[in-house]
Every structure is written in structure tokens, then in C-alpha cells.
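Examining the three-dimensional arrangement
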Amino acid sequence: MLSGVFELQVHRGTAFHEVEYMPRVVKSRIPIARPALEAWRLRCNYQLEEHIAALGKRRLHLIEEDTVEAGRPDEQTRRRVRCELIGEHLGGTMMGAITSKDLVSEITSTFYAHRFDEDHGASFVVDMVKVAINVAIAGHQWCEPDGEANCYLHTRIELSVRVVGVGTLIEMQLERQMRASHAAFPQHADAWVHAQLKRARATESPPSSPDMELCQLPGHAK
């Protein structure tokens, strides 16, 4: 039954049709100087997602994660994450009495581990938790190989903000933020990978001293 739920949400972003009245479509095609599978695994890495969220003054909490077909070509994961905004993101004006701390959301996503074409990419839906405001966001991502060492990360998002008087303005602001976030992903991924490699090297055992190695050779007993 779990697999069936995944399939309903994955095929070409079927989740788009779960939300009505979504007039604004945001599309991006971002070049990444990594092989497609490597870029896709970074895109699906929760630790990297958490790191990027922190840079954007957001705090993530992993609620649940389920995987089907583990270890097989069609391995697929469903992940649900809660997102809280840190500090003031709205400037205290656009949403009236509503502030950033009220805009807690849950992001439900499904993605394949080893497949990343458009039909087998990642679909996600954002739901507001604390306040009943007419904001709807759903999206789909996939990778397009560009030779063996490069690729493009495609994103298609449909969003709707139905707030009288300022809905369009909020949509425009969200679109700018989304486009900036998509464009910054390769740089954030590179910095995170380099930091992980540096941390791994720092935790490795230090190399043996040449003097110690010399003492261990025959005829050089201390």
C-alpha cells in the first residue's frame, strides 16, 4: 500500500493536481558541474537539505521517512519534514497580524534514489500547519545529464497565494526567493561536500612519525 501511495505522487508531479487555483508557475534549469546521479544524491540528502535551510534562517525537523524497494533500481522514499522560520521573514507588513513564527509548514516529498528522469524525479507538496491561509505550493524536480560530468537540475513549482490585495505581491516575492534558492544549490552543495571531506580527513588517525617508523625497522630498536 505504501508503494501505491508513492506512485500517486511521483509521476510527473501528479501532486500538482491535488491543489486547485495555482496560477503562477516557476521553472528553473540550473547547471551543476557533477554527474547527474551524484547531483541527484546530493539533492536528496537530508543533511545537506538541513544545512541549506539553516543558511536561509529555517529550521527543519524530520517527522518521518519511509523507503520501499530498498537496494533495488526502483528504491523510493517518502519524507515528511517540518519547517520553521527563524527570525522575521515578512518584514512585518505583507501578512498583517501573521508573522514568520506562524508560518510553520510541512513538506511531504517522494523521490527515487537511483532514478532521476522527469517521470521518476521528486514530487513535493507544502502544507501550512499553524494558520489557515490560502497558500498552496507543489513542485517536481528531476535531473538531465549533460555528458558524463555535468547535468541540469530542473524544477517546476506551482504556487498560489489567495490573500485579498497582496496575493500577487506575495507570489512574486516567493518566486524570487525560489529562483535564488535554485541558483544557489550547486554552490551550497560544493561547499557542503568540501566541508564533509575536510571533517573526514580531520578525524582520520594522524600518519605515523618517520622516527617511529625508523625505530620499528630491524637494527633500529630503541
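Predicted model only: the values in this text are computed from it and were never measured. (Residues numbered from 1 in each chain as written. Predicted model: local features only at pLDDT ≥ 70, side-chain atom pairs only at ≥ 80, totals over all residues. Heavy atoms only, no water.)

**Comments concerning the packing of aromatic side chains**
- For the structure shown, the criterion picks out 0 aromatic pairs.
- The residue whose ring lies beneath Arg-29 is Tyr-152, and the NZ or CZ to ring-centre distance is 3.7 Å.
- In this arrangement the basic side chain of Arg-43 is found over the ring face of Trp-40, its NZ or CZ atom lying 5.4 Å from the centre. (Phe/Tyr/Trp six-rings, centres within 6.5 Å; stacked < 30°, edge-to-face > 60°. Lys NZ or Arg CZ within 6 Å of the ring centre and 35° of its normal.)

**Focus: the nonpolar core**
- The biggest cluster of nonpolar side chains holds 18 residues, and the ones touching the most others in it are Trp-40, Leu-42, Leu-48, Cys-143 and Phe-185.
- Put simply, the parts of the chain that give this core at least two residues each are α2 (36-43), α3 (46-55), β7 (151-161) and α4 (167-203).
- Those residues in contact with Trp-40 that lie beyond four places of it in its chain are Phe-111, Tyr-112, Ala-113, Arg-115, Phe-116, Gly-121, Ala-122, Gln-141, Trp-142, Cys-143 and Leu-153.
- Leu-103, Val-135, Ile-157 and Val-161 belong to the second-largest nonpolar core, a separate cluster that totals 12 residues. (Core = buried A, V, L, I, M, F, W, Y, C linked by side-chain atoms within 4.5 Å. Buried < 20%, exposed > 50% of the residue type's maximum accessible area, 1.4 Å probe, protein only. Helix = DSSP H or I, 4+ residues; strand = E, 2+ residues; numbered from the N terminus. Contact = heavy atoms within 4.5 Å.)

**Things to note about the pairing of strand β6 (residues 135-145)**
- Most of β6 sits out of view: 9 of its 11 residues are buried.
- Two elements, strand β5 (residues 122-128) and β6, share 5 bridges in a ladder whose sense is antiparallel. Across the sheet, Ser-123 pairs through a bridge with His-140, a residue of β6.
- Note that β6 and β7 share 11 bridges and pair antiparallel. Bridge pairing in β7 places Ala-136 opposite Ser-160.
- Following β6, the chain reverses through 5 residues before pairing antiparallel with β7; Gly-147 in that reversal takes a positive phi of roughly 80°. (Pairing = 2+ DSSP bridges.)

**Some thoughts on the pattern of salt bridges**
- As enumerated under the stated definition, the model contains 16 salt bridges in all.
- Two residues, Glu-65 and Arg-79, come together in a salt bridge whose shortest N-O distance is 2.6 Å. Linking Glu-65 in strand β2 (residues 58-68) with Arg-79 in strand β3 (residues 76-85), this pair joins segments that are 14 residues apart in sequence.
- On the accessibility criterion, Glu-65 (38% relative accessible area) is partly exposed.
- One continuous salt-bridge network, built from bridges that share partners, spans Glu-64, Arg-78, Arg-80, Arg-82 and Glu-106. (Salt bridge = Lys/Arg side-chain N within 4 Å of Asp/Glu carboxyl O.)

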